Amino acid sequence: MRILLVEDDIKIAEFILKGLRYAGYAVDHASDGEEGLALALTEPYDAAVIDIMLPKRDGLSLIRRLREEKVNTPILILSAKGAVDDRVKGLETGADDYLPKPFAFSELLARVQALIRRASGVTDPTRLTVGNLSINLLTREVIREGKPIGLQPLEFSLLEYLMRHAGRIVSKTMIMEHVWDYHFDPQTNVVEARISRLRDKIDKGFEKKLIHTVRGVGYVLKETQPTSK
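Each value, and the rule that gives it
Residues numbered from 1 in each chain as written. Predicted model: local features only at pLDDT ≥ 70, side-chain atom pairs only at ≥ 80, totals over all residues. Heavy atoms only, no water. Pairing = 2+ DSSP bridges. Helix = DSSP H or I, 4+ residues; strand = E, 2+ residues; numbered from the N terminus. Axes fitted to C-alpha atoms, helices over the stretch in contact; angles between N-to-C directions. Salt bridge = Lys/Arg side-chain N within 4 Å of Asp/Glu carboxyl O. 1 Å grid on protein atoms, 1.4 Å probe; cavity = no way out; pocket = protein on both sides within 12 Å on 5 of 7 lines; lining within 4 Å. Points joined across faces, edges and corners; volume = space filled by probe spheres on them. Nonpolar A, V, L, I, M, F, W, Y, C, P; charged D, E, K, R; others polar. Parallel < 35°, antiparallel > 145°, perpendicular 65-115°, else oblique. Contact = heavy atoms within 4.5 Å.

K.L.:
Explain the sheet that holds strand β2 (residues 26–30) to me, please; I cannot follow it from the model alone.
P.N.:
Strands pair in a sheet through their backbones, by hydrogen bonds, and they do so in one of two ways: parallel or antiparallel. What the 5 strands build is an open sheet, ordered β2-β1-β3-β4-β5; its pairing is parallel. The strands lining the two open edges of the sheet, one partner per strand, are β2 and β5 (97–100). Strand-to-strand twist of the sheet, defined as the mean angle between neighbouring strand axes without regard to direction, takes the value 20 degrees. For strand β1 (residues 2–6) and β2, the ladder comprises 5 bridges, and the chain directions are parallel.

K.L.:
How do you make sense of the pattern of salt bridges when you look at a structure like this?
P.N.:
Inspection of every chain in the model, using the stated rule, returns 13 salt bridges. Residues E69 and R65 are paired through a salt bridge, measuring 3.3 Å at the closest nitrogen-oxygen approach. Overlapping salt bridges bring together E7, D51 and K101 as one network.

K.L.:
Please clarify how the pairing of strand β11 (residues 218–221) should be interpreted in this entry.
P.N.:
Look at any regular strand and the pattern is simple: side chains alternate between the two faces of the sheet. Where strand β10 (residues 211–214) meets β11, 4 bridges bridge the pair, whose relative direction is antiparallel. Within β11, the position partnered with I211 by the bridge is L221. Here β10 folds back onto β11 in antiparallel fashion, the turn holding 3 residues, of which G216 has a positive phi close to 75 degrees.

K.L.:
Quick question: what am I supposed to make of empty space enclosed by the protein here?
P.N.:
Unfilled space is identified by rolling a water-sized probe across the atoms. Tallied over the entire structure, the rule returns 1 cavity of 30 Å³ or more. The calculated volume of the largest cavity comes to roughly 40 Å³. In terms of lining residues, the largest cavity is bounded by L4, A40, Y45, A48, L66, V71, T73 and I75. Looking at the lining of the largest cavity residue by residue, the class counts come to 7 nonpolar, 1 polar and no charged.

K.L.:
Even after reading the chapter, I still don't get the packing of helix α6 (residues 153–164) against helix α8 (residues 190–202), so can you show me in this structure?
P.N.:
Packed helices, taken two at a time, are described by the angle their axes make and the gap between the axes. In contact at an axis separation of 10 Å, α6 and α8 are set at 85 degrees when each is read in the N-to-C sense. Looking at the two axes, α6 sits roughly perpendicular to α8. When α6 is examined against α8, the residues L154, E155, L158, L159 and L162 are found in contact with a partner set consisting of R194, I195, R197, L198, K201 and I202. Residues belonging to the contact of α6 with α8 are distributed by class as follows: 7 nonpolar, no polar and 4 charged.

Structure (structure tokens):
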């Protein structure tokens, strides 16, 4: 899932970016309100974290404009202004939740996850299973046929994305935009390289392969071999 962070304080932004990415999210960062507005109007985000005090365009103005443009991305406001009136003003502008600074990252993450669940209308599972492969989204444990498999954070995010789309073909562009933090460069082979490493850990030594390449299209995680195109 992809999140937009609009925060001008470099230290706070780096703190949030590191935490969200480690939690498995792809994150775009804007350091001012105008840049944040441009991103939010052109990219589909699962949630946005927006500071109120921003250069060029303040957070409340940014949120108001997004709602006027019918952008319904769930929004969590961050602000050093913790007074009740400020919180009410933020929520009335169109934000979905409000978190005053300073804050614990665990609370920010829990609030973001709650916003995403609420917007999707479904309960986010804590475990994903395809065949004899299972991943725990809370403990980040990966098990196949009772055997634990160690994955790096980016490998886990890639596997989670494939499992959330199990049985459906995902293109390299989709993977780059949701797992990495930049748009697809047709000249790079980073997706192929990561898929290859993930295959070595997930499929090597098992008779039934789960990760398949669909030539010219992308990849799919399923128990049976798809028809190549």
